[in-house]
Amino acid sequence: RSSASLFYLHSENKAYAVEGWTLGESDKSISVEDYGMRGIYRTRYLREWFFVEGWVGTHWAREQLEHERKLQWIVGFQFEILFGQPIIQRGKQRL
């Protein structure tokens, strides 16, 4: 899978991103099996070290040559827990 992302850090607590990707192999009958894009929203939640992330997007999969590509929606949710000292704080301490 190859992907490219564009991030916007709104504050230390919130961020937005857009990601586009393509998935495939050059030796197969279908060189691009899937491609798509998604919008991502990430925010700190309840604690300084806890983040939640939600996304929504679309993709167009095709596993076999006879199949037609159809738009399919994707929705996701994940969380992240940070351990250790944040990088932003480490950078401030060196100044």
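These figures come from a predicted structure and were not determined experimentally.

So, how was this worked out
- Residues numbered from 1 in each chain as written.
- Predicted model: local features only at pLDDT ≥ 70, side-chain atom pairs only at ≥ 80, totals over all residues.
- Heavy atoms only, no water.
- Phe/Tyr/Trp six-rings, centres within 6.5 Å; stacked < 30°, edge-to-face > 60°.
- Helix = DSSP H or I, 4+ residues; strand = E, 2+ residues; numbered from the N terminus.
- Buried < 20%, exposed > 50% of the residue type's maximum accessible area, 1.4 Å probe, protein only.
- Pairing = 2+ DSSP bridges.
- Axes fitted to C-alpha atoms, helices over the stretch in contact; angles between N-to-C directions.
- Salt bridge = Lys/Arg side-chain N within 4 Å of Asp/Glu carboxyl O.
- Contact = heavy atoms within 4.5 Å.

### Concerning the packing of aromatic side chains
- Inspection of every chain in the model, using the stated rule, returns 6 aromatic pairs.
- Plain terms: the ring middles of Tyr-16 and Tyr-41 are 5.4 Å apart, the flat faces sit at 40° to each other, and that makes the pair tilted. One end of the pair, Tyr-16, is in strand S2 (residues 14–23); the other, Tyr-41, is in strand S3 (residues 34–44), and 25 residues separate them in sequence.
- Accessibility expressed as a relative area gives 37% for Tyr-16, which makes it partly exposed.

### Comments concerning unusual backbone geometry
- In this structure, Leu-46 takes a positive phi of about 65° despite not being glycine.
- In this fold, Leu-46 is placed in the loop between S3 and strand S4 (50–61).
- By relative accessible area, which is 70% here, Leu-46 ends up exposed.

### Section: the sheet that holds S3
- Strand order in this open sheet of 5 strands is S1-S2-S3-S4-S5, and the pairing throughout is antiparallel. Either end of the sheet is taken by a strand with one partner, and the two such strands are strand S1 (2–9) and strand S5 (70–81). In this sheet, neighbouring strand axes are inclined to one another by 15° on average, regardless of whether the strands run parallel or antiparallel.
- As paired strands, S1 and S2 are joined by 8 bridges and run antiparallel to one another. For Tyr-8, the partnering residue across the bridge sits in S2 and is Tyr-16.

### Looking at the pattern of salt bridges
- Counting across every chain of the model gives 3 salt bridges.
- Across the pair Arg-42 and Glu-80 runs a salt bridge whose closest N-O atoms are separated by 2.5 Å. Taken together, the residues Arg-42 in strand S3 and Glu-80 in strand S5 connect sequence positions 38 residues apart.
- Taking relative accessible area as the criterion, Arg-42 reaches 23% and is therefore assigned partly exposed.
- Three or more residues joined by partner-sharing salt bridges are found here, namely Arg-1, Glu-19 and Arg-38.

### Things to note about the environment of Phe-79
- Positionally, Phe-79 belongs in strand S5.
- Ignoring sequence-local partners within four residues, the contact set of Phe-79 consists of Phe-50, Phe-51 and Val-52.

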